[in-house]
Amino acid sequence: MTKSEDGLPPFVKSWTQLYYLIIAVLILLIALFYWFTVSFE
Amino acid sequence: MNWIDWIVLLLTLVIIVGYGIYQSKKDRTISSYLLADRSLPWYHITLSVMATQASAVTFLSAPGQAYTDGMRFVQFYFGLPLAMVVLCITFVPKFHTFRSVTAYEFLEKRFDLRTRGLTSFLFLLQRALSTGLSIYAPALILSSILGWDILYTNILSGAAVLLYTVVGGARALSYTHLLQMGIVTLGMIAAGVMVVHLLPPQVSFTDALNVAGKMGKTNAIDFTFDLNSRYNVWSGLIGGFFLQLSYFGTDQSQVGRYLTGSSVGQSRLGLAMNGLLKIPMQFLILLVGVLVFAFYQFTTPPLHFDAIPVNKTLQTPFAGQYRELESKHEALQLAKRAEVIKLHERLENGDATEIAASRKILSEAEKEVQSLRKESAGLLSEATGTVVNDVNYIFLRFITDYLPAGLVGLLIAVILLACMGSVASAYQSLASTTVVDFYRRSIAKNKSEAHYVTASRLATAFWGIFCMVVAQYASRFGSMIEAVNVLGSLFYGVTLGIFLTAFYFRKIGGRAVFLGAIIGELFVVVSHIADLTAFLWLNLIGCVLVILFAAVIEKVWPEPRKQLTNGE
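Conventions and cut-offs
Residues numbered from 1 in each chain as written. Chains lettered and ligands numbered in written order. Predicted model: local features only at pLDDT ≥ 70, side-chain atom pairs only at ≥ 80, totals over all residues. Helix = DSSP H or I, 4+ residues; strand = E, 2+ residues; numbered from the N terminus. Rg over C-alpha atoms; globule rule 2.2 N^0.38 Å. Buried ≥ 20, exposed ≤ 12 C-beta atoms within 10 Å, placed from the backbone. Contact = placed C-beta atoms within 7 Å. Core = buried A, V, L, I, M, F, W, Y, C linked by C-beta atoms within 7 Å. Domains from an automatic or database assignment. Nonpolar A, V, L, I, M, F, W, Y, C, P; charged D, E, K, R; others polar. UniProt positions renumbered as here; feature names shortened; annotations may be inferred. Expected span 1.5 Å × (residues − 1). pLDDT = per-residue confidence, 0-100. Axes fitted to C-alpha atoms, helices over the stretch in contact; angles between N-to-C directions. Left-handed = near helix turned anticlockwise from the far one by under 90°. Parallel < 35°, antiparallel > 145°, perpendicular 65-115°, else oblique.

**Q** Can you break down the overall build of chain B residue by residue, with the values?
**A** Within chain B, the regular secondary structure consists of 21 helices and zero strands. The C-alpha atoms of chain B give a radius of gyration of 25 Å, which matches the 24 Å a tight globule of 568 residues would have. Along the three orthogonal principal directions, the C-alpha set of chain B runs to about 75 × 50 × 45 Å. Counting over 568 residues, chain B shows a buried share of 55%. The contacts in chain B between residues at least 6 apart in sequence include a share of 86% that link residues at least 24 apart.

**Q** A description of the overall build of chain A should follow, citing residues and the corresponding values.
**A** The helix and strand inventory of chain A stands at one helix and zero strands. In chain A, which comprises 41 residues, the proportion classed as buried is 24%.

**Q** So what's going on with the nonpolar core? Which residues, and what values?
**A** Residue and element names in this part refer to chain B. Core analysis: the largest hydrophobic core is formed by 180 residues, its most contacted members being V292 and I415. Broken down by element, the residue count for this core peaks at 20 residues, all from helix 17 (residues 407-443). Structurally, this core is a two-domain feature, drawing no fewer than three residues from each of domain 1 (3-296 + 400-567) and domain 2 (307-388). Not counting residues up to four positions away in its chain, the partners in contact with V292 are P63, Y67, V195, I394, F395 and F398.

**Q** Give a detailed account of the environment of B:L40, specifying residues and quantitative values.
**A** Within the element layout of this structure, B:L40 appears in the loop between helix 2 (30-35) and helix 3 (42-53). Here the alpha-carbon distance between B:L40 and B:F549, two residues 509 residues apart in the chain, equals 40 Å.

**Q** How would you explain the environment of B:G147 if you had to name every residue and give the values?
**A** In this fold, B:G147 is placed in the loop between helix 7 (113-146) and helix 8 (150-198). For the pair formed by B:G147 and B:C419, sequence separation is 272 residues and the distance between their alpha carbons is 20 Å.

**Q** Explain the domain arrangement of chain B to me, and be specific about the residues and the numbers.
**A** Residue and element names in this part refer to chain B. Assigned domains within chain B: domain 1 (3-296 + 400-567) and domain 2 (307-388). Each of domain 1 and domain 2 has a C-alpha centre, and the two are 35 Å apart. Contact residues are listed per partner, giving nine residues for domain 1 and ten residues for domain 2. Counted by class, the side of domain 1 that touches domain 2 contains three nonpolar, three polar and three charged residues.

**Q** So what about the UniProt feature "coiled-coil region" (unreviewed entry) in chain B? Which residues, and what values?
**A** Within this structure's numbering, the places UniProt gives as "coiled-coil region" (unreviewed entry) are residues 355-382 of chain B. For the annotated span residues 355-382 of chain B, helix accounts for 100% and strand for 0% of the residues, and the straight-line distance between the end C-alpha atoms is 40 Å.

**Q** Please give an account of the interface of chain B and chain A that cites residues and values.
**A** With 24 residues of chain B at the interface, the matching set in chain A holds 19 residues. Broken down by secondary-structure element, the contributors of at least two residues to the side of chain B that touches chain A are helix 5 (79-97), helix 9 (205-214) and helix 12 (264-298) of chain B. Per-element tally for the side of chain B that touches chain A: the top contributor is helix 12 of chain B, with eight residues. Residues belonging to the side of chain B that touches chain A are distributed by class as follows: 15 nonpolar, eight polar and one charged.

**Q** An account of helix 20 (residues 510-529) of chain B is requested, with residue identities and associated values reported.
**A** Between its terminal C-alpha atoms helix 20 of chain B stretches 29 Å, which fits the 28 Å expected from 20 residues at 1.5 Å a residue. All of the buried residues in helix 20 of chain B are B:G510, B:A512, B:V513, B:F514, B:G516, B:A517, B:G520, B:E521 and B:V524.

**Q** If you had to explain the environment of B:A272 to someone new, which residues and values would you point to?
**A** Here B:A272 lies in helix 12. For the pair formed by B:A272 and B:P81, sequence separation is 191 residues and the distance between their alpha carbons is 7.6 Å. Apart from the residues lying within four places of it in its own chain, the contact partners of B:A272 are A:L18, A:I22, B:M84 and B:C88.

**Q** Can you explain the confidence of the model for chain B? Please cite residues and give values.
**A** Residues and elements named next belong to chain B. Per-residue confidence for chain B gives a mean pLDDT of 88; residues scoring 70 or more make up 96%. Considering each helix and strand of chain B separately, the mean pLDDT is smallest for helix 19 (residues 480-504), with a value of 82, and largest for helix 12, with 95. Contacts for the low-pLDDT stretch residues 564-568, under 50 throughout, to residues beyond four places or in other chains number six contacts. ipTM for the predicted complex: 0.94, alongside a pTM of 0.87.

**Q** So what's going on with the packing of helix 20 of chain B against helix 21 (residues 536-556) of chain B? Which residues, and what values?
**A** Residues and elements named next belong to chain B. With their axes 8 Å apart at the nearest point, helix 20 and helix 21 run at an angle of 145° to one another. At the point where helix 20 passes helix 21, the crossing takes the right-handed sense. Each of A512, V513, L515, G516, A517, I519, G520, F523, V524, S527 and H528 in helix 20 lies in contact with helix 21, whose residues at this interface are L538, I541, G542, L545, V546, F549, A550, I553 and E554. When the residues that make up the contact of helix 20 with helix 21 are grouped by side-chain class, the tally is 14 nonpolar, five polar and one charged.

**Q** Got a sec to walk through the packing of helix 3 of chain B against helix 8 of chain B? Specific residues and values, please.
**A** All names here are of chain B. Running from N to C, helix 3 and helix 8 cross one another at 75°; their axes reach a closest spacing of 8 Å. Between helix 3 and helix 8, the angle is such that the two are roughly perpendicular. Here H44, L47, S48, M50 and A51 of helix 3 come into contact with helix 8, specifically with S174, H177, L178, Q180 and M181. Along the lines of polarity and charge, the residues of the contact of helix 3 with helix 8 split into five nonpolar, five polar and no charged.

Okay, here's the thing in structure tokens:
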């Protein structure tokens, strides 16, 4: 394992991919919360 | 609380304090005492940063906030994942490269001693004050349950934490954070399940959300761009991003947590996982508050959730007036409940016109309830001579009134453990900044490592006592979770501006950033006093102003550049 890969989880190939994943999850959560707001209001 | 609750509570606390002391090792160096020899894996960092951020206020005040204001508070955290990404890319490698013990050490290497001193001072000021609020939250619970004066419960809450923080250092903190987060998660899941279980048999989880939603409590998302609205998507994403970046990037209570990572990668992954987990966790905590609101639509809630001022008032000539308000409230709740039951039936039938009619009636009824609650708070304040606010008591009152024996003790322990997690980190960060950035740097240079470890223990004890004194005056604030965040926003933006200038504006020198920070801070304080904008935006304003003023000052009054070391 190279120094830059230390700590990298197995489901991503690079740190950049992990950062994109975090942003994608944030967008998904906002969309889900919007659905939640609209569904129950 | 009955004896089962007391056993659960005391056992949990003894286990945590004992475990903290058991995990501590003989610390011979300041790096060992303050950073656990930089040896911890990513999951320690994730849980430790979460435990540090999630204070008792999170579990006590957030459900109360959802009860009164709905779920819109969740938007406050939208900037957090973005902040984690920036931290992983910029802050973590920089701090690791410089082998910093505190975040502020880096600023002297990049700028000068006065910038390091100013930033450290701003940190000590805001962290000491907000830690006082964090101690006050569980002290309030103990005061309400035991009937003790808040002075004694403040001392009790602050002192238990102090014991293992002084003895155990960073390693003890991190191991206790792991255990605390496990118990806290278990307790909150149990509370959520119990609220649903306590709803009337014909009302399901979805029905409860439908009723709460029709009364405006499931408002998790608001896309309206309004600078004066406290919580919307944009203030959360932009203002929240700057607040969270500043909190995690420049507040030593957090920096000290991820500097314990065994490598840059371990620290990065710890923060990244926090970015993935924090928003769902906060959503679920607020959801518990909304469910408590739904529960109280089928069961009459107290007019005022804090029993102490009510009992005091009933011993005064104001008792008659208060009883009258209670009768009005009872009648109003009964009428409201009948309408809620109608709404529930109409929701099952799906008649939109009738649902809209119910909604209108309930909206009016809710306004009347809020008006009565406000009137009662005013009366209680007048009768007791103290400022009365019951937002922080809503969830607590529900726990003690309706949850079964054992679970009450567990949830009280959850709130205390959450407090211990954040307060322990705060004590240690205050001590590390005092010793590393002031004592070792300017007062007692070139002493032995053992000397600085002893100084750190003494500084921890000093700040512990100081924060307990602050806690004594915390009742003057409203919702504590907001008070903590408002306080942070006054200083975080400026501090972040200094760090971002250090990382990204390499032509700006120490003198310019120092003067820019002072002018920026004055602007932020004036903006807050004049109520020019919602508090989240102060983070952005403070940060941008520091960079702008520093750039202008550097342009008109340039300073010879300082060469960086350590490969920079």
